[in-house]
Amino acid sequence: MVPLKRRKVSSSGAGNTGNTGSESKFPQVVLFLLERKMGASRRVFLSQLGRKRGFTVEELFSERVTHVISENNSGDEVRTWLASQVEGRVRTPAHLLDISWYTESMSAGRPVEVLDRHKLQEQQTDEEDVVEFSVPSYGCQRRTTLDNHNAVLTDALSLLAEKAELSDEEGRGVAFRRAAAVLKALPKPVTSMTQLRGLPCLGGHSLRVIKDILENGTSSEVESTKQSERFNALKVLTGIFGVGVKTAGRWIRDGIHNLQQLQASGQTLNRAQRAGLEHYDDLNQPVSKAEADTIGEIVEEAVASVLPGAQISLIGGFRRGKLTGHDVDFLITHPEEGREVGLMPKIVSWLESQGFLLYQKTTRNSYLESEDGPARPSSNMDRFERCFSIFKLSEEERQGAKQTDTENTPEDAFTPEALSQVKDDGLERTKPAGHKPWRAVRVDLVVSPISQFAFALLGWTGSKLFERELRRWAGHEKAMSLSSHALYDNKQNKYLRATSEEEIFAHLGLEYIPPTERNA
Ligand code: CTP
Ligand code: MN
Ligand code: MN
């Protein structure tokens with residue numbers, strides 16, 4: 001599990017004029033004060049006041065502006081002025097407001113709710129000016145790159161999804177994940193609620209959160225979740241490899257909220273959990289692409305040594321183009337059906353003999369088409385030979401990795417200062433972790449027979465929500481069952497074969513979406 005990002009409060013790049021001195025506390029609220037009738041000196045004074053209170057107050061009008069504040073102007077006057085500023089059509093900012101909203105927000109120390117009395121007269125939403133978005137309803141019908149224009153909103157919804165998942169409310173979690181995925185697919189930042197009309201998967205709860213953020217800069221529910229002792233304890237405890245929601249919940253009921261209390265409690269831990277606790281810091285540091293590539297070379301060598309001709313593919317988040325991940329995932333196959341049988345234990349033995357493994361647990365393949373029948377769409381468990389492991393990546397290898405890694409290695413991630421800042425997990429650290437000549441990395445290995453390779457590749461590339469949406473589409477729209485092994489047509493009562501991901505999309509009647517656009 002990836003630790004809570006230490007999000008930089010940013011005023012998001014370009015157009016960041018004049019917000020000197022203080023950082024923006026409300027990144028979704030970008031203010032502009034109209035000088036007309038207010039006068040230059042009063043405008044400077046009010047702008048500085050706002051910035052001191054953590055507001056983003058722009059010097060110049062731009063498309064980023066969400067709230068235009070004016071004094072003694074009518075809505076029409078403001079509109080006319082705006083039209084004169086920007087060539088061609090103006091996208092009307094979300095709010096044209098009277099100074100009263102600004103002064104009330106100053107007193108409150110946060111953007112207050114926009115009430116009717118704050119709005120300028122004659123302000124009707126010019127329907128045509130508001131960009132309304134439209135996206136298809138299934139995540140697998142959309143192209144979702146890593147270029148997310150609504151990160152503040154999707155971070156908030158993802159956090160609430162995480163809270164639901166950690167509370168064993170899976171349905172609610174999925175609803176928030178779907179809502180976040182819709183926003184990730186939008187070509188521009190959302191600035192007003194009216195733009196969201198007609199978008200799928202945005203339930204009342206998600207809309208309330210979005211509205212809160214658009215109007216106030218933050219969501220009270222998100223903020224209180226971040227402060228919640230239970231939420232933070234669940235995060236720390238499930239951050240231990242091998243610890244799920246149930247175990248963490250049980251420990252919390254026993255008064256265990258952090259790693260120190262866990263260690264002191266004398267709870268019996270299984271082998272995975274012991275390894276997870278031992279390598280807690282390393283496993284909660286993001287893995288860089290360069291490190292993933294280095295591990296790829298090691299796995300490649302292992303595979304080539306034990307079964308020449310076997311092929312390995314990088315899957316999971318790194319295949320989708322992510323620059324960091326919580327682990328590294330590989331799929332291994334052999335072009336001749338059957339040659340892959342028994343491959344995993346050989347790979348694992350080789351890796352172990354070379355000292356690359358700190359932990360591993362291998363599960364056998366038990367999937368048999370004839371016995372198992374059509375894969376159930378609701379089941380995301382697959383039954384390949386799999387190995388959940390923890391790699392020991394030595395400094396040397398990491399050095400090799402760093403040379404090819406430009407800006408995305410968390411360089412500071414291995415210093416003791418950085419480690420002690422990472423999270424309040426209650427563990428006292430006496431040894432400077434920066435001097436450890438290696439780091440632990442979670443690695444997942446999967447072996448599939450070539451006949452199922454395309455299904456495995458598709459099923460293990462993710463994202464998790466994209467996979468879920470693919471299965472939902474298959475079941476609801478096509479009466480088919482999709483798994484990481486096969487695609488079954490429930491109307492024709494037969495398996496549909498495929499040797500490439502493209503063929504599977506075609507069977508499903510979907511436009512092909514490449515891995516880098518599956519970041520739903
Ligand atoms: N997966 C799966 N069964 C599991 C675990 C994972 O089928 N028991 C699939 C997921 O659906 C996902 C892929 O394996 O498509 C990778 O999962 P994971 O490594 O958890 O997520 P990533 O997308 O790789 O994200 P990260 O970068 O955080 O590792
Ligand atoms: Mn992964
Ligand atoms: Mn994984």
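Throughout, residues of each chain are indexed from 1 in the direction in which the sequence is written. Following the order in which they are written, the chains are lettered starting with A and the ligands numbered starting with 1. The predicted origin of the model limits local features to residues at a pLDDT of at least 70 and limits the giving and counting of side-chain atom pairs to 80 or more, whereas totals for whole chains, interfaces and linings rest on all residues. For the side-chain quantities, the full set of heavy atoms in the structure was used; hydrogens and water were omitted.

**Q** I would appreciate a short explanation of the overall build of the chain in the present structure.
**A** To qualify as a helix, a DSSP run of H or I must reach at least 4 residues; to qualify as a strand, a run of E must reach at least 2; elements of each kind are numbered from the N terminus. Scanning the chain from terminus to terminus reveals 21 helices and 14 strands. Accessibility here uses a 1.4 Å probe with only protein chains present; expressed as a share of the type maximum, an area under 20% marks a residue as buried, one over 50% as exposed, and anything in between as partly exposed. Of all 520 residues assigned to the chain, the portion counted as buried reaches 50%. The contact rule is simple, with two residues in contact once any of their heavy atoms fall within 4.5 Å. Looking at the chain alone, contacts between residues at least 24 apart form 73% of all its contacts between residues at least 6 apart. Counting only carbon and sulfur atoms, one obtains 49% of the accessible surface of the chain, whose full area is about 24,500 Å². With residues, only the protein chains shown are counted as cover, and all accessible areas are computed by Shrake-Rupley using a 1.4 Å probe.

**Q** For this particular structure, what's the right way to read the sheet that holds strand 6 (residues 311-315)?
**A** Note on sheets: strands pair through backbone hydrogen bonds, and any given pair is parallel or antiparallel. Across the sheet, which stays open at both edges, the five strands sit in the order 6-8-11-10-9 with mixed pairing between neighbours. Both edges of this open sheet fall to strand 6 and strand 9 (357-363), since each of them pairs with a single strand only. Geometrically, the sheet is characterised by an average inter-axis angle of 25 degrees between neighbouring strands, direction not taken into account. We treat two strands as partners when DSSP finds at least two bridges between them. Note that strand 8 (residues 328-333) and strand 11 (residues 438-447) share five bridges and pair parallel. Among the inter-strand pairings, Asp329 is bridged to a residue of strand 11, identified as Asp444. For helices, the axis comes from a line fit to the C-alpha atoms of the stretch in contact; other axes are also lines fit to C-alpha atoms, and the angle between any two N-to-C directions lies between 0 and 180 degrees.

**Q** It is not clear to me how the site of ligand 1 should be interpreted in this structure. Could you clarify?
**A** Around ligand 1 lies a shell of 16 residues, among which Gly317, Lys322, His326, Asp327 and Lys464 are the nearest. Polar contact is the term for a pair of N or O atoms within 3.5 Å; when the atoms are in protein, one must be able to donate a hydrogen and the other to accept it, and sequence-neighboring residues count only if both atoms are side-chain atoms. Residue Arg320 places a side-chain N or O atom 2.9 Å away from an oxygen atom belonging to ligand 1. Taken together, the elements giving at least two residues each to the shell around ligand 1 come down to helix 14 (316-319), helix 19 (453-461) and helix 20 (464-478). Ranked by the residues each element gives to the shell around ligand 1, the list is headed by helix 19, at three residues. All residues other than Ala, Val, Leu, Ile, Met, Phe, Trp, Tyr, Cys, Pro, Asp, Glu, Lys and Arg, Gly among them, are scored as polar; the first ten of these are nonpolar and the last four charged. Looking at the shell around ligand 1 residue by residue, the class counts come to one nonpolar, eight polar and seven charged. We define proximity as follows: a residue is near a molecule or strand when any one of its heavy atoms falls within 4 Å of that partner.

**Q** Looking at this model, I keep getting lost on the coordination of the manganese ion (ligand 2). Mind explaining?
**A** In ideal tetrahedral geometry, four donors around a metal make angles of 109.5 degrees, whereas ideal octahedral geometry with six donors gives angles of 90 or 180 degrees. Distances up to 2.8 Å from the metal define which N, O and S atoms are donors, and 3.2 Å serves for Na, K and Ca; water is absent from the atom set, so sites may look incomplete. In the first shell of the manganese ion (ligand 2), the protein supplies Asp327 (OD) and Asp329 (OD), at 2.0 to 2.1 Å from the metal. In this structure, the manganese ion (ligand 2) lies 3.6 Å away from the manganese ion (ligand 3), the two metals sharing Asp327 as a donor. Judged by relative accessible area, which is 7%, Asp327 ranks as buried.

**Q** Help me out: how do you make sense of the coordination of the manganese ion (ligand 3) in this one?
**A** Coordination sphere of the manganese ion (ligand 3), protein contribution only: Asp327 (OD), Asp329 (OD) and Asp444 (OD), at 2.1 to 2.3 Å. Between consecutive donors of the manganese ion (ligand 3), the numbers of intervening residues give the motif D-x1-D-x114-D.

**Q** Looking at this structure, I do not really get the sheet that holds strand 1 (residues 30-33). What am I missing?
**A** Spatially, the four strands line up as an open sheet ordered 2-1-3-4, and their pairing is parallel. Among the strands making up the open sheet, the edge pair consists of strand 2 (56-58) and strand 4 (95-98). This sheet shows a mean twist of 30 degrees between the axes of neighbouring strands, independent of strand direction. Along the sheet face, helix 3 (residues 99-108) touches strand 1, strand 2, strand 3 (67-70) and strand 4 and points at about 80 degrees away from the line of strand 4.

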